[in-house]
Structure formats: C-alpha cells, structure tokens
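Each chain, letter by letter, is given below.
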Amino acid sequence: MTYLELEKLRTEYEKEVCLFGGGVYGKTRGYDDVTALGFRVDFYCDNNIAPGTIIRDGKEVRDIQYLYENKEHIRVFLTVGKRYQHQVIDQLKEHGIDNIFIIDFLFISQLLDSIETSDDEIIKKRYHAFYDDAEYLKRLFAYNMGYQLNIDNPKTFNEKLQWLKLYNRKPEYTRMVDKYEVKQFVEERIGRGYTIPTLGVWDFFDEIDFDKLPERFVLKCTHDSGSIVIVDDKKNFDKEKAERTLNRALDMNFFWIGREWPYKNVKRKIIAEPYLCDSFGRELMDYKLFCFQGKVKMIEVDFDRFTNHKRNLYNRDWEYMPFRMMYPTVPEQIIEKPNRLSEMIAIAEKLSSAIPHVRIDFYIIDDKPIVGEMTFFPDCGIGAFEPAEWDEKLGDWIILPTTNKEK
C-alpha cells in the first residue's frame, strides 16, 4: 500500500469503515493506526464478541450479517493478530468481500517507504503521526508502557533508549546490526574466528541453492529481528512457508516498526548459517551482555523460549539480579556461570567502547566465545520491568551525550 493508493481511498470516504477484530490489538493500536491514517471508524465486527458490545469511543460490534449484506458500502480494515489473518480473510472472501486492508507492520512499512521517497511535503504533514519519528515513538511508548514518554528529560532505561533512537545516529551502527556485515566488523576489532560462519548470502529466496547447504542450517534476514527459519531436516522442511516468511521480511523496512535507526539502511539480504547445538543436539545457550559506555554491567540468559519463555539476569560477577525484564524470572533455576565469561566480557567491552548502550550476544562453541549479534534497543525499548524501579536503575547506567545530537 502506497500513499497514492491510500489517497485514492480517501476520495471514497462516504463508505462506512469496519474494523474486523475487536480484541486487544483492534481496540488499541489497530484503532489508533486507522484513525491516524485519517479514517473515521464506524463499527467493529468480530467472530467472538457479541453484537452490541462497545469496544472503543462508543464504537460497537455489529452482527457480521450486516457487513455481508452491505459489503458494497463498507471498507474493511483487518485488525486481528497474524495468527488469525488468513482464517478471517478466507471467511470474508467466501462472502464476496475482497477489498480488505490488513493493518500490520508490512502495511505501515510500505506506506512509509512511499512517503519517505516523496517530495510532497503536504503528504508528509498529513501522515505526520506515522511519519514523524518522535510522534510515532510517543504513541508506541504510551501504548506499550502505560505512561507518557518524556523525551526531553528521560530517566528510565526504556525512555533513554527512545532518546538514543532519535539523537544518536552514527553510520557505523548500521554495520553493527547487519547480520552479515557485523562479522567483518568483529573481525576487524578482535580478530578472526569469533563469529558464526556464513554458508551463503543471497538477495532473493529464489537464488538459494539448497543442494549446496548441509542437512541442518538456519536462514535469516540481515536487516531485521525475528525473521529466522530453522531447518533441522533439509529433505522435509516446509520450503513454501520459509519463502513466505523471508520474502515478507525482505519487503519490510524494519526501521519503521520501532524506529531503531541502525536498521534503516541495512542492505536486505538472506544468509545461511550452521544449525548450532550442543553435543546432545540441544539448542545452544546464548548470553546477552549489556554494555554501557564500554562496560558490561548486566548479563541476560533466556531459556524455555519455545514453551514458556523465561529470562534470568545476572551482574558481571554472575550474581542473580532480583527483577524481571519482559519475561518471568526464576531465581531457583541454576544457570552455571560460563567458563569463558571473562573473555566474553573483554570482547564485549572492546566492541562497545564509547557507545552509550549496546547489547552483545554470545554463544560458547567448542569452548570459545562466538559473537552472535549486536542490539542497540533490547525489546525495542518498550520492555516492562518488575519491580518498575529497576527501569530507572538501569536508566542511570546510560549516560546520554550532552552535545552534538546526531540525527
């Protein structure tokens, strides 16, 4: 969806607007996004919410039959989670509703890409709530954190990460978050042998020669977070699903999702890496070292990620830190201090020198620390702390530049 297509829709504004999906997303961010685009929401439809239920600003759920019977005069914006999108789209198409607009990150990314390349200042002002980074981050922050972002006088860890998104934009950060380029960056600073080998790199999924890849491997995009395909059996993996996942990621500028500036200009590619596991075939433990102005002060260890995600936090002396950050913490869970912790700390501090904050992730492979990736904004800077006081304690560790804001 480009802004030109959206502008065309605005000329048909006499149509009623239906948000299909009145759950958590539909009544919060989905509603806000549609109204920020300049559309008036008239009503909701939902398969699981009774007609007559008030969802937001007096907008109620109508019987789905109303939508079916009046489809020629209604514009449908889909505001359900990704898990249910295909199911609802099939349902609507069965009743002759084809003109469906999915309000998700891909929609927003493509819209903003088109605005970014436009010379039309009127358009940029019209979509100011989306296009302006500070305005967008204020909405994102309030929606996720439950309080207003103080960008002029940030105190908490999460607030300061938002400040850094806006004002600490250095070209070298792009190399550090690029999952392909970061390997050369690490090699230049600490030598060879400290990164995961690359089995291949391609611009498009169709270019991948699977015959040249081992039986087990991982595919991921270079420019984002989360677009990963784990292949533990090359002969039987779902190639079509992998293609959909990676092509969708390639179509999206990850920067627009959380305005994490280092990702904005990363070249979008797909890379393959070896499937990492221990001698028992289990997924390797990874250690995430939080660095503040070149000093490691906290280490995160995630476990049970694919069942019931948990996260323990330790200081640099491997003493348990009694708070949670996004996910539950389990103090009685014994996680052994890695044998090469001191070496990991030395490497992380060398790589993070003079940076206000960056997290550097490690694996231990064959008793050697291996750098996985570098992350400037853990949990996008909207990760809840419990107790909340720790958000400000970690915020004290970030020393913001006082001059020469880089934007």
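Placed above this text is the structure.
Residues numbered from 1 in each chain as written. Predicted model: local features only at pLDDT ≥ 70, side-chain atom pairs only at ≥ 80, totals over all residues. Heavy atoms only, no water.

1. Here's the deal with the packing of aromatic side chains
Where two aromatic rings form a pair, the distance of their centres and the angle of their planes describe that pair.
Then comes step 1: Following the criterion strictly, the structure yields 23 aromatic pairs and no others.
Then comes step 2: Ring geometry for F141 and Y147: centres 5.1 Å apart, planes at 90 degrees, overall edge-to-face.
Then comes step 3: The buried category is assigned to F141, whose relative accessible area is 0%.
Then comes step 4: For Y147, a relative accessible area of 29% translates into the label partly exposed.
Then comes step 5: Both rings, one in F323 and one in W390, keep their centres 4.4 Å apart while their planes meet at 10 degrees; by these two values the pair is stacked. (Phe/Tyr/Trp six-rings, centres within 6.5 Å; stacked < 30°, edge-to-face > 60°. Buried < 20%, exposed > 50% of the residue type's maximum accessible area, 1.4 Å probe, protein only.)

2. Considering the sheet that holds strand β2 (residues 43–45)
Then comes step 1: Sheet architecture is open: four strands sit in the order β2-β1-β5-β6, paired in parallel fashion. The sheet is open, and its two borders are formed by β2 and β6 (100–102), each paired with just one other strand. Neighbouring strand axes in the sheet, compared pairwise and without regard to direction, differ in orientation by 30 degrees on average.
Then comes step 2: Here three bridges tie strand β5 (residues 74–78) to β6, and the two strands are oriented parallel to one another. Bridged to L78 within β6 is I102. (Pairing = 2+ DSSP bridges. Helix = DSSP H or I, 4+ residues; strand = E, 2+ residues; numbered from the N terminus. Axes fitted to C-alpha atoms, helices over the stretch in contact; angles between N-to-C directions.)

3. Considerations on the side chain of E159
Then comes step 1: Looking at the secondary structure, you find E159 in helix α10 (residues 157–167).
Then comes step 2: Of the side chains bearing the opposite charge, K155 lies closest to the buried E159, which forms no salt bridge; the N-O distance is 8.2 Å.
Then comes step 3: For E159, the residues in contact, after removing those within four places along its chain, are F141, Y147, Q148, L149, N150 and P154. (Lys, Arg positive; Asp, Glu negative; His and termini not counted. Salt bridge = Lys/Arg side-chain N within 4 Å of Asp/Glu carboxyl O. Contact = heavy atoms within 4.5 Å.)

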